[in-house]
Amino acid sequence: METSLPESRRKFFLLSGERSTLPQAELRALVEVYDCKARLEKIHNRVFIVEGRFSPDAILKRGAYINAGGLFLSHCKMEDMERNINSFAFENFIEGSVAFSASVYNLSHEPLSEKVEVMVGSAVKRRLPNARVSLKKPQKIVIGIIFENNLLIGVSDYMSKKGWGSRRPRTRPFFHPSVLYPKFARVLVNLSRVREGEVLLDPFCGTGSILIEASLIGTKTVGIDISMKMCRGTMYNLRHYGLETLGVINSDSLRLPVRHTDAMATDIPYGRCSSSKGLKTKDLLKELISQARDVVPRGRYCVIVYPKAIELDSLESFNVKEDHEVYVHRKLTRAVTVLVRR
Ligand SMILES: C[S@@+](CC[C@H](N)C(=O)[O-])C[C@H]1O[C@@H](n2cnc3c(N)ncnc32)[C@H](O)[C@@H]1O
């Protein structure tokens, strides 16, 4: 399979295998953040080639559902694999005395990973005799992705260590059952297309999951919660990870106490676990969107999570950019809607 994108500036990305529309949406949102003119080509549900002027590392560092990525090198059918790998000019893309490792992601059912890893590693060594293999601290990782009788080869500088485990809800000093998992919170931040240095507002911040993930990617954050206990909890949690915030405000978000934000991402209250002070979820959602109109600038985004059973029928000055669904358990499927301010 050949790709129609030109050779230069091509990157590849491998998405995680979640049965959801979120991984692809996250990649598209991040590509938009770093180069709105970039072109994406889907060559498999989980494999994308992107042509654009950005560093793949920026996207790898931020992405929750992006497992690997880097500079695209080559792409061939499995039957041409040996010839392709052995004739590939790795020396044009990798410095001579580099410490490298080879790593293969196998999306097929054939047990081929080890064979391809050895083949790639040996080919790199042949082309770059001064390069040395380092599994612990490679400067370059030569990546192979096997999918549907195809092999894609790329190279990456980035070793993914995003610490999801250390931010699991139960490992944080303040816990509440309404908490979001860090990967999901990170995806919401990324769908908001907020940039490093800009401000992200979570008007129902709870334990601070969204603010933590936004802060970790270099965004300034503001949180609001009607419960003082939750506000204090958010502060504990942020401090626990050494993160700062512009403020966590104990206030009612149905009368937003802020004037401006570059982006908004939030998980609105519903059910017994997260009180909405007597208001029906549908009315609360409507009121939030009405308030958001005054603080989110034109062309910027507002990401809202709510139970799928609720219909979003009043959009005020927003258009729906995209809609997703996330199954949580038998009684709860979450809707994730990305709104863009008109
Ligand atoms: C679903 S929880 C948010 C959970 C949060 N995303 C987390 O991961 O911890 C909703 C939060 O909204 C707060 N809340 C309810 N009504 C509110 C209102 N009118 N204004 C501000 N916060 C409110 C609740 O106290 C609760 O902490």
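Here the residue numbering is sequential within each chain, running from 1 through the sequence in written order. Predicted model: local features are reported for residues with pLDDT of at least 70 only, side-chain atom pairs are reported and counted for 80 or more only, and whole-chain, interface and lining totals are derived from all residues. Side-chain descriptors were evaluated using all non-hydrogen atoms of the structure, hydrogens and water having been removed beforehand.

Some thoughts on the overall build of the chain
- The way it works is that DSSP assigns letters per residue, a run of H or I at least four long becomes a helix, a run of E at least two long becomes a strand, and they are numbered from the N terminus. Summing up its helical and strand segments, the chain has 8 helices and 15 strands in all.
- The C-alpha atoms of the chain give 22 Å as radius of gyration, which agrees with the globular expectation for 342 residues (20 Å, within 12%).
- In terms of overall dimensions, the chain has C-alpha extents of about 70 × 35 × 35 Å along its principal axes.
- Residue exposure ignores everything except the shown protein chains as possible cover, and the areas themselves are Shrake-Rupley values with a 1.4 Å probe. For the chain, the accessible surface area stands at approximately 16,100 Å², while carbon and sulfur atoms represent 48% of it. Put simply, the radius of gyration uses C-alpha atoms, and a globule should come to 2.2 Å times the residue count raised to 0.38.

Quick word on the side chain of Thr266
- Position of Thr266 among the secondary structure elements: in strand E12 (residues 263-267).
- Remark: exposure states derive from per-residue accessible area (1.4 Å probe, protein chains only) relative to the maximum for the residue type, with buried under 20%, exposed over 50%, and partly exposed in between. Relative accessible area serves as the criterion here: at 0%, Thr266 is assigned to the buried category.
- What Thr266 contacts, discounting residues up to four positions off in sequence, is Asp202, Pro203, Phe204, Ile210, Leu288, Val303, Ile304 and Val305. Only heavy atoms matter for contacts: two residues are in contact if any of them lie within 4.5 Å across the pair.

Focus: the side chain of Ser215
- Within the secondary structure, Ser215 is located in helix H6 (residues 209-216).
- The residues touching Ser215, leaving out its near neighbours within four places in the chain, are Thr221, Leu243 and Glu244.

Some remarks on the pairing of strand E3 (residues 47-51)
- For E3, the buried fraction is high: 5 of the 5 residues fall into the buried class.
- The two faces of E3 match: Val47, Ile49 and Glu51 on one face and Phe48 and Val50 on the other face are all buried.
- The criterion for strand pairing is that DSSP finds at least two bridges linking the strands in question. Examined bridge by bridge, strand E1 (residues 10-15) and E3 share 5 bridges and lie antiparallel to one another. Within E3, the residue paired with Lys11 across the bridge is Val50.
- Of the pairings in the sheet, the one linking strand E2 (residues 39-44) to E3 comprises 5 bridges and is antiparallel in character. In the strand pairing of E3, Arg39 is matched with Glu51.

Re the state of the cysteines
- Note on terminology: disulfide denotes any pair of cysteine sulfur atoms within 2.5 Å. One pass over the structure, following the stated rule, counts 0 disulfides.
- Its sulfur unpaired, Cys205 is 5.4 Å from the next cysteine sulfur, which belongs to Cys231.
- Look at Cys205 and you get buried, because its relative accessible area is 5%.
- With relative accessibility at 5%, the residue Cys231 sits in the buried group.

Quick notes on the domain arrangement of the chain
- These domain boundaries are the output of an automatic or database domain assignment. For the chain, the domain assignment lists domain 1 (10-156) and domain 2 (165-341).
- Each of domain 1 and domain 2 was reduced to a C-alpha centroid, and the two centroids are 33 Å apart.
- Each partner contributes residues to the interface: domain 1 has 14 residues there, and domain 2 has 17 residues.
- Note on domain 1 versus domain 2: buried area summed over both sides is about 1,400 Å², and carbon and sulfur give 53% of it.
- Throughout this description, the term salt bridge denotes a Lys or Arg side-chain nitrogen within 4 Å of a carboxyl oxygen of Asp or Glu. Joining domain 1 to domain 2, the criterion identifies 3 salt bridges.
- Lys321 is paired through a salt bridge with Glu32; the nearest N and O atoms lie 3.8 Å apart.
- Polar contact is defined as a pair of N or O atoms within 3.5 Å, subject to the rule that within protein one atom must be able to donate a hydrogen and the other to accept it, and that residues adjacent in sequence are counted only when both atoms are side-chain atoms. Summed over the shared surface of domain 1 and domain 2, the number is 9 residue pairs in polar contact (both at pLDDT 80 or more).
- Contributions of two or more residues to the side of domain 1 that touches domain 2 are made by helix H1 (22-34) and helix H2 (56-62).
- When residue character is reported, Ala, Val, Leu, Ile, Met, Phe, Trp, Tyr, Cys and Pro are called nonpolar, Asp, Glu, Lys and Arg charged, and the others, Gly included, polar. Looking at side-chain class alone, the side of domain 1 that touches domain 2 contains 8 nonpolar, 2 polar and 4 charged residues. Accessible area that two parts lose when put together, with a 1.4 Å probe and added across both, is what the buried area reports.

Considering the environment of Arg193
- With respect to the helices, strands and loops of the structure, Arg193 is situated in the loop between helix H5 (182-191) and strand E9 (199-202).
- It is 5.8 Å that separates the C-alpha atoms of Arg193 and Val33, two residues lying 160 residues apart in sequence.
- Only 2.7 Å separates the side chain of Arg193 from the backbone oxygen of Leu191, close enough to count as a polar contact.
- Within the local environment of Arg193, its side chain forms a polar contact with the side chain of Glu322, the two groups lying 3.2 Å apart.

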